[in-house]
Amino acid sequence: MSQVDASPVTNKRTHFITITLCVVVVFAYVMGLYSGQKVTWQATMLLLVSCFIFFIAHLRYRSLLRLLTKQYALEDTYLRLQDILDAVPDALVLIDKSGLIIEANQALSTLTGYEKNELFGMHVAALSPERMRRSLPNLLANPGKGGMISWYCQRKDGGRVLVEIGYHAITVKNMECLLLSVRDLTSREQAEKKLRASETRFRSLFENSLDGIYRSTPEGYYVDVNPALVRMLGYDSKEELLSIHIPKDLYVSQADRLPPDQRNTVSTTRMRRKDGTELWVELTTWVVCNEDGEVVYYEGITRDVTEQKRYEETIRHQAYHDALTGLPNRYLLHDRLNQTLAQARRNKTLIGVMFLDLDHFKNINDTLGHTVGDQLLQMVAGRLLSCIREGDTVARLGGDEFTLVAQIAQPEDALQIAQRIHEVLKRPFPLEGHELHITTSIGISIFPHDADDADTLLKNADTALYRSKAQGRNNHQLYDPTMNASAMSHLMLLKGLRYALGLDEFELFYQPITDTASGQIVAAEALLRWKKPGVGYMKPDEFIPLAEESGLIVPIGEWVLRTACAQAQRWHEQLGRYITISVNLAASQFMPQNLIQTVKKVLKETQLNPNLLLLEITEGTALQNLNATCSTLDQLVSLGVRIAIDDFGTGYSSMSLVKRLPLQTLKIDKSFVKNVASNHDDAAIVSSIISMAHSLRLRVVAEGVETEEQAEYLRTHDCDAIQGYLISPPIPAEEFTKLLQDPNTRTVCSHSVEA
């Protein structure tokens, strides 16, 4: 506020004082006249002069008062204007034509670092970098009506600030000036740099991303795509892909198209490449809307998940399929069987469930190796698939066990399928230079006759399979309720067999082998017996097949070999006699390395002369892998062990087989010996075998000799040795020892005699 009050009240007060003074002077003069005093002209003049002076003083006072009032009002306006200018965030500068600063606000002081009093009179060039000062004279001389330029402001501390200057030519007190409006662009520059950096990063991510990134219109056309999407979809250029209609040309089917009402979604779908191949992609999609909420674009990320899908399919396939054969496994079998049963219940049809087991498959693994065994299983799986119709199932449960589920019209259909399986599997399997011959045992259960649920059907088919094996294998059996008791007995027998070795329930019996010419005992065949508690002695054919099937034959066979060799050595030490001990080898024992090591270890432990050990193998065992068999037998012979072919004539008897094997002895099967004295054919076969063996320098032993007539025929046809009940049945070691001690029994006392 101004210190002078120029209001109407003040003016009235001034008039009042002036008039009062004049009235007082006039009143004094008049009173002088009335009082009789003589008024001189000097007094009159003094009065007039005084009144004039008062009047002039009054007029001067009013003029001075007005002047002071205007001055103070201008000062107040200036102060108010300065406050306003200082409050403006942009710097305001008034310069004359020469470039000197006439006026500036506080913002310029803050921007430049100079005090305001330092800025007044400073040339504007001092606030510009040196390289920009050259353009100042032209700008000052020709400002035109004004404009906008970007400039750098030089701070007092030497720093530079990017500014935007708006300039306007104005006239102040008849002086041409420039009014500058200076805006600090530092924050905007930083924001622009960040924006440019962000755009650069985005563009880099967009261009270099391994995932496809796109923007498309609601009509189904791409607006922008990155190189990854172009490569992913197999197109030659970005422009080519932008011309493609997405729903029509890229989606495999309309079902794979993203519904238009889906806003922000993650979905897995199939797309088609340019070459027509399909790929699985994971689409992450969102929408871009305008202010009215209308969809303007679709944006999203496309990720190729084809390999992931394949991996998931592989994992899923591995979870429900056999890794070796590709057939359904146990889990998928149950699922399919339950589905088939549900359909059969609705349609009132029959279902046949078959359990298949390859006969003596373990022998192939043991002799030829698991690689050949696996190849055989794959070939078997292929042949089984050829035996079924569409909708039926063949599964592998593990090992050499297969299961077949077939829809049938009558139970006889299941028997026909089983017969077809026998026929396709009996054909030779050519593998690594060998022709393998296998057979299979099959158990069959029928829905709904034998059971109404999957688990029971499978259990009953398994029970029928055991009956098939018990019937000599290579056959098929329908389930019968009476089989359950037999299956339970079978399980109990297997359980007892597992513990028999540890409980010392096995025992060896020995059957003498005598020389036909001298009648002397030259050898003994070790025969296994199981003395089962509460049952008594069990014959080998009652438990040996079960031992072979379960794999227990290997530890049992090693025990037999060790016990027999120890007994032969004991007879030598106690009686001073050399008795050749004959031990049978099961096919599953005939594993080259294991067998050689086992024989070496047993001979070392028992100290038995290797020449007194005769190992017997069957023709079937020898033929499973003839090359490996010959190699193994050669190694055994090199140890001093002798080899015999047992049950000769019942298998694949041939001169070539006998010729290739390193044999010392050939044993004629008892089926030929039985009628040798009465049947011309059997007699001819026996005499031919003896003649052939002798021509190959092999000794011949006839098994199952029970009559003198049989013995006489064999003796007259030069059979080297005989074995059978005519001489003695298999007897315990103690009785055999007594037989050797009997003076009426002639024995050989030299280990040079061969059996």
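Calculation notes
Residues numbered from 1 in each chain as written. Predicted model: local features only at pLDDT ≥ 70, side-chain atom pairs only at ≥ 80, totals over all residues. Heavy atoms only, no water. Axes fitted to C-alpha atoms, helices over the stretch in contact; angles between N-to-C directions. Helix = DSSP H or I, 4+ residues; strand = E, 2+ residues; numbered from the N terminus. Parallel < 35°, antiparallel > 145°, perpendicular 65-115°, else oblique. Left-handed = near helix turned anticlockwise from the far one by under 90°. Contact = heavy atoms within 4.5 Å. Nonpolar A, V, L, I, M, F, W, Y, C, P; charged D, E, K, R; others polar. Pairing = 2+ DSSP bridges. Buried < 20%, exposed > 50% of the residue type's maximum accessible area, 1.4 Å probe, protein only. Arc of directions from axis to C-beta. Phe/Tyr/Trp six-rings, centres within 6.5 Å; stacked < 30°, edge-to-face > 60°. Lys NZ or Arg CZ within 6 Å of the ring centre and 35° of its normal.

K.L.:
What is the right way to read the packing of helix α13 (residues 370-385) against helix α14 (residues 411-426) from this model?
P.N.:
For any two helices packed against each other, the geometry is given by the interaxial angle and the distance between the axes. At their nearest, the axes of α13 and α14 sit 10 Å apart, and the two run at 140 degrees to each other. Looking at the two axes, α13 sits oblique to α14. Considering only the axes of α13 and α14, their crossing is right-handed. Across from V380, R383 and L384 in α13, the residues of α14 making contact are I421, V424 and L425. Of the residues assigned to the contact of α13 with α14, the class counts are five nonpolar, no polar and one charged.

K.L.:
I tried to follow the pairing of strand β10 (residues 295-304) on my own but got confused; where do I start?
P.N.:
Side-chain positions along a regular strand alternate between the two faces of the sheet. Strand direction decides the pairing type here: strand β6 (residues 212-216) and β10, joined by five bridges, are antiparallel. Of the residues in β10, the one forming a bridge with S216 is Y298. In this structure, strand β9 (residues 278-289) lies alongside β10, joined through nine bridges in antiparallel fashion. Considered in β10, the bridge of T285 is made with G300. Linking β9 back to β10 in an antiparallel pair, the connection comprises five residues, with G293 at a positive phi of about 80 degrees.

K.L.:
How should I be thinking about the sheet that holds strand β17 (residues 476-478) in this particular structure?
P.N.:
Two strands in a sheet stick together by hydrogen bonds in their backbones, pointing the same way (parallel) or opposite ways (antiparallel). Taken in spatial order, the five strands make up an open sheet running β12-β13-β11-β16-β17, and their pairing is mixed. With partners counted over all chains shown, the strands left at the sheet margins are β12 (393-398) and β17, one partner each. Across the sheet, the mean angle from the axis of one strand to that of its neighbour is 20 degrees, orientation sign disregarded. Relative to β17, strand β16 (residues 440-447) runs parallel, the two sharing three bridges. Paired with I442 across the two strands is H476, which belongs to β17.

K.L.:
Help me understand helix α25 (residues 708-716), please; the structure alone is not making it clear to me.
P.N.:
One turn of an α-helix holds 3.6 residues; hence residues three or four places apart share an orientation. Listed as buried for α25 are Q710, A711, Y713 and L714. For α25, the angular spread of the buried residues around the axis is 160 degrees, confining them to a single face. Turned more than 90 degrees away from the buried face of α25 sit E708 and E709, all of them exposed. Those residues of α25 that are buried are in contact with α23 (670-673), α24 (680-695), β25 (699-702) and β26 (721-723). D718, located one to two residues past α25, shows a positive phi value of around 65 degrees.

K.L.:
I tried to follow the packing of aromatic side chains on my own but got confused; where do I start?
P.N.:
Ring pairs (aromatic) are described by centroid distance and by the angle formed between their planes. What the rule picks out here adds up to nine aromatic pairs. Plain terms: the ring middles of F506 and W559 are 6.2 Å apart, the flat faces sit at 45 degrees to each other, and that makes the pair tilted. Remark: W559 occurs in helix α18 (residues 553-575) and F506 occurs in strand β18 (residues 506-515); sequence separation between them is 53 residues. Three or more aromatic residues joined by ring pairs form one cluster here, namely F506, W530, F543 and W559. Above the face of the Y152 ring, R160 is positioned so that its terminal group lies 5.1 Å from the ring centre. Here K309 stacks its cationic end above the ring of W280, 4.6 Å away from the centre of that ring.

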